[in-house]
Every structure is written in C-alpha cells, then in structure tokens.
Amino acid sequence: MSIDDDAGAPARVLVVGASASGLTTVETLRRKGYEGRITVLGDEPHAPYDRPPLSKQVLSGAWEPERAALRTQEVLSALDAEFVLGDQAVALDRASRGVRTESGRELRADAIVIATGVRARRLPGSEDLAGVHVLRTLDDALALRAGLSAGTRLVVVGEGVLGSEIAATARTLGLDVTLTGPLSAPMALQVGPLVSGVLADLHTERGVELRLGNGVVGLTAGGGRVTGVRLATGEVLPADAVVVAIGATPATEWLADSGLEIDNGVVCDSHCRAEEGIYAVGDVARWYHEGLGRLVRLENRTNATEQAMAVAGEILGADRPYAPVPYFWTDQYDAKLQVHGFLPPDAEVDVVEGDLTARRFVARYRSKGRVTGVLGWNMPKQARMRRQEIVDGLDAPAPTH
Amino acid sequence: MKVVVDEEKCVAAGQCVAAAMDVFDQREDDGIVVLLDENPPAELAEDVRNAAAVCPALAIRLEE
Ligand SMILES: Cc1cc2nc3c(=O)[nH]c(=O)nc-3n(C[C@H](O)[C@H](O)[C@H](O)COP(=O)(O)OP(=O)(O)OC[C@H]3O[C@@H](n4cnc5c(N)ncnc54)[C@H](O)[C@@H]3O)c2cc1C
Ligand code: SF4
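Note that the structure is a prediction, hence the values are computed from the model and not measured. (Residues numbered from 1 in each chain as written. Chains lettered and ligands numbered in written order. Predicted model: local features only at pLDDT ≥ 70, side-chain atom pairs only at ≥ 80, totals over all residues. Heavy atoms only, no water.)

**Focus on the UniProt feature "domain: FAD/NAD(P)-binding" (unreviewed entry) in chain A**
The UniProt record annotates "domain: FAD/NAD(P)-binding" (unreviewed entry) at residues 12-308 of chain A. Within residues 12-308 of chain A, the helical portion is 24% and the strand portion 31%, while the C-alpha atoms at the span's ends are 17 Å from each other. (UniProt positions renumbered as here; feature names shortened; annotations may be inferred. Helix = DSSP H or I, 4+ residues; strand = E, 2+ residues; numbered from the N terminus.)

This is how it looks when you write it as structure tokens:
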C-alpha cells in the first residue's frame, strides 16, 4: 500500500483487550497496510486464545490447552505490535486518549479500540467456595476440568448456550449431571420453544437430569466446599461441583469515569464509534445496527471477528456502517446447531427442510412477516444457504405498523 | 497462494463460503469445509484472505 493510502490514519493505535476481537483488529490493520504503532493491552497473562473450545475440546480433554491459542508466537511477532499482557486498564482519559493501567503505565494513542469483552456473572457469596466454577477464561476451563471426574455430581446453573454445552460435555465424560435454570428447556431464550424442546429430549436421553423452570436462590456449603444448589422451591440439588453459567457482564468498570456512554456495554454509533477516535468491538460493544434500527450487543465468536474487521476498516477511513447478519454455533453431543440472524421469542417457526424427529432439519424464524433467522440442526450447509432470506428481511423497509 | 484447510478444526460455520464462493464449499451431510481450489487465482486472493480471517475455527491456513 502506498503512503497516500495511510494519510489521515492515526499514528498510534491502542487496543485494550487481547483476545479474539482485539487480535483481529490488529491483524486487519496490518493486512490493510497500516504501518503505524500498535499496542495491545490485556489483563490475562496468556497470549490471545480462543474461547469456544473451552467448553468443548479443552473441557473434555480432547485438546491440550495450547491448541486453543489463536496464533503462534511467530505469527504474533510478525504483526509488529507491542503486546502488554498481565496488566489491566483501570482508566480512560478521553481528552488525551490515554489509558492508565493497574501497574501504573500510561498508554497514549490517536485511536483507541475497546475490546475488553465480558466477564462471567457469579452467584453472590460463592466467590470463596471450593467446587464452584464459572467458565470464561482458559484458567477457568482448566480449573473446572481438574474438578471433574467420572461420578462427580455436577450441577450446572444456567440453561443458556454455555450451560447446555457444559452439561453435554460433562455428561459425555461420564459425570452425573443436573441442569437447572428458570426457563422450561435448554436454550429456550435463544432458540424458542420448538427447538429447545428437541434439545430437552436430547439431554434427557443422554442422561442429563433437567430440573428446569425454577430459579436458583443460592448454594449450600459445608467446610468451605459447595454441597448443593438451592432452588426457589426450597429443594436442594446435591452437588460435588457447581458451574455457574448465568450470563456475563460487559467489562466496562474501567470506563466508569471516562464519560463515555455505558449502558449494557459501550454504546456506539452505527460505525462502532463511542466517539471520535474511540471504538468498541466484540462482546463489549453495543452499537446501532442500521438494518434493525436499534442498539445490539452480540456475544458470539463471528461477531468478534467481523466487527473487528469493520472497525479496523473504519480507523483507516472506510466509513461504512456495520450491520451484520449475526451467526453462532453450538455443539452438544452429536448435535451441531448453526444459527444465522435473529430468533425473536415471538417469532413464528416452521421447519423448512429435513425433519424434527430425524434430528436433522432447518427451521426458519419469521417475525412480522419477515424472515429474521434460520437455525440448522445437523444441516449446516442447508442452513447457510438460506441466509440470503435474512439479508432480504433486513433490507426490506420497516413495516409502518 | 496455496490454501490448506483443517477439517478437524472446522466447525461447519460456512463463513468461508460466504467470503469466497469459488474456493470453498461445504459437504452436504455435515457441513465441513470442502476446498474447491487449492491454488486460487490472484484475483480471488483478497476474498480468500477474508475467508481465512473470518473463519471462527481458524481452520484455513494460507501459504503465500
Ligand atoms: C466457554 C465459551 C464458549 C463459547 N462458545 C462459543 C460458540 O460455540 N460459538 C460462538 O459463536 N461463540 C462462543 N463463545 C463466545 C465467544 O467466545 C466470544 O464472543 C468472543 O470470545 C468475544 O471476543 P472478545 O474479544 O470480544 O472478548 P473476550 O474474548 O471476552 O476478550 C476480552 C479480553 O479483554 C480482557 N480484559 C477485560 N477487561 C480488561 C481491562 N480492563 N484491561 C485489559 N484487558 C481486559 C479480558 O480478560 C479478555 O482477555 C463462547 C464463549 C465462552 C466463554
Ligand atoms: S468458515 Fe471455517 S469453520 Fe466454517 S466452514 Fe469454513 S473452514 Fe469450516
């Protein structure tokens, strides 16, 4: 790329958060020819690694943790970026575009990318109890794996995507697994009643005990160790180990005094800009999606990549709104689910390919007459091929009433 | 440019196909990536780089 193309690009870029979205921002900047200085600040001691395998291959032991690394050391070095790891951002000064870290560093840049992701929510009072886990980081996954062995009574609190995956992986390892949460079926909020019903059958067949439809009010303990999970009904589910998978909170504490608008994430315009020269990407970003006409925040792996690519382009002057069709997948036992688009809870769902009983199908979700999403159950290609219908639905002018 | 795919890593996301239709496809039965062209022509290089970058499973490696 010629020098001209770089004209107007900031001289220094600082990326806060050294994971999927942060790394992709850096790689895309370099790929597009950016030659300025790049610094990446991350609070974890590890080089960037990937999270999806943590609840699957790393937890099951199929992969050694090193395999989750996003890039080799060699590839990272070739990026010619300074990685500052094991140090946390504690404050952002917008006026000077400076970030202060826990160890006292002051990092300045002309453009700042906020890529701090989310942190697992915990049950209050469980922090110091042995046997209680969350799963967000590599260290979490290794601690959980160490705590699991065949015959352990594991209770998974939270019937969302992560909780359902962990239940499946642990059951496959031969643990005695109970899945609990307030909704009536696994992933009911994410995929609606029809598909979550099929998931409920699958988990039951595989021997996971479903104790759904009840809130969890707390844990029981003895001698500093967890002994059970107490439900709103008063009943206690006995446990040797508990995984709490009740969602995550955007890692924005360090921005509290920055003056940026924080509301369930860093609020951004349609170009992922929190303000001139300050961007947010990945799980932490809540930006205005022009196709939907509202703010959205996505917690999925593909968005981390795509949004980072968009923001890198934006930093280099692309000036294009970011309005993706979201995508996520989940693996549970032999079921591979692929979700494109949005599956609103009130959507009308019909099976458009394959069939439910054979557990190989594509379901289409429609809301207000438009296709908003498609879900494939062991039919990844067929699901993807219907993605265009979602794009068309997003492009159509919004109905007036 | 030479393209290498790792079927074992592939999670059947199909993002690569959306990015570079002429180079990648997916198997009918399990959606795992199928490499249509191991040495794509120069005019597709940028699409292929995009495909590799967007693959959530890092299953696509490029030797340039
Ligand atoms: C166990 C698990 C399984 C998953 N499985 C799937 C899946 O199957 N499919 C899918 O689509 N998605 C999945 N996801 C979601 C996907 O991993 C995330 O969407 C993705 O990691 C988001 O990337 P990110 O870079 O935005 O944030 P993160 O990966 O959360 O990275 C943010 C980084 O910033 C660091 N940080 C936070 N605060 C600070 C600070 N103040 N200073 C410095 N650094 C800071 C964090 O420690 C972290 O390293 C899964 C997530 C988990 C946890
Ligand atoms: S994008 Fe990656 S994971 Fe998805 S089909 Fe292509 S190679 Fe496989």
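**What to know about the pairing of strand β26 (residues 360-367) of chain A**
Residue and element names in this part refer to chain A. For β26, the tally of buried residues reaches six of eight residues, placing the bulk of the element in the interior. Bridge count between strand β25 (residues 348-355) and β26: seven bridges; the pairing is antiparallel. Residue pairing in the sheet places D350 in a bridge with R364 of β26. The loop that links β25 with its antiparallel partner β26 comprises four residues; one of these, R359, has a positive phi angle of about 55 degrees. Sheet topology places β26 next to strand β27 (residues 370-377); seven bridges connect them, and they run antiparallel. Note that in β27 the partner of A363 across the bridge is L375. Hairpin remark: β26 followed by β27, antiparallel, with two residues in the connecting loop; positive phi at K368, about 50 degrees. (Buried < 20%, exposed > 50% of the residue type's maximum accessible area, 1.4 Å probe, protein only. Pairing = 2+ DSSP bridges.)

**A few points about the sheet that holds strand β21 (residues 285-289) of chain A**
Residue and element names in this part refer to chain A. Read across the open sheet, the three strands follow the order β18-β21-β22; overall the sheet is mixed. In this open sheet, the two edge strands, each paired with only one partner strand, are β18 (266-268) and β22 (294-296). Neighbour to neighbour, the strand axes of the sheet diverge by 25 degrees on average, direction disregarded. Note: β21 against β22, three bridges, orientation antiparallel. Its bridge partner lying in β22, W287 is registered against V296. (Axes fitted to C-alpha atoms, helices over the stretch in contact; angles between N-to-C directions.)

**Side note on unusual backbone geometry**
All names here are of chain A. If you check the backbone angles, R97 has positive phi at about 50 degrees while not being a glycine. If you trace the backbone, R97 turns up in the loop between β4 (89-93) and β5 (98-101). The class for R97 is partly exposed, based on a relative accessible area of 21%. Although it is not a glycine, M187 sits at a positive phi angle of roughly 60 degrees. Structurally, M187 can be placed in the loop between β11 (176-181) and α7 (188-205).

**Structural notes on the sheet that holds β5(A)**
All names here are of chain A. Taking strand neighbours across the sheet as the criterion, the three strands line up as β4-β5-β6 in an open arrangement whose pairing is antiparallel. The outermost strands of the open sheet, each flanked by one partner alone, are β4 and β6 (106-108). Put simply, the sheet's adjacent strands are angled 25 degrees from each other on average, direction ignored. By the bridge criterion, four bridges tie β4 to β5 in an arrangement that is antiparallel. Within β5, the position partnered with A91 by the bridge is R100.

**Some remarks on the site of ligand 1**
All names here are of chain A. Neighbouring ligand 1 are 34 residues, the closest being D43, E44, R51, K56 and R119. Between ligand 1 and R136, the relevant distance is 2.7 Å, taken from an oxygen atom to a side-chain nitrogen or oxygen of the residue. Protein contact buries 95% of the 1,000 Å² of open area that ligand 1 shows by itself. At the level of elements, α2 (20-31), β2 (37-42), β8 (118-120), α6 (161-172), α8 (301-315) and β23 (327-332) are the ones that each hand at least two residues to the shell around ligand 1. Of the residues in the shell around ligand 1, the class split is 14 nonpolar, 10 polar and 10 charged. Here the shell around ligand 1 gathers at least three residues from each of two domains, domain 1 (3-119 + 249-315) and domain 2 (122-246). (Near = heavy atom within 4 Å. Polar contact = N/O pair within 3.5 Å; in protein donor to acceptor, adjacent residues only side chain to side chain. Areas by Shrake-Rupley, 256 points an atom, 1.4 Å probe, with all protein chains shown as cover. Nonpolar A, V, L, I, M, F, W, Y, C, P; charged D, E, K, R; others polar. Domains from an automatic or database assignment.)

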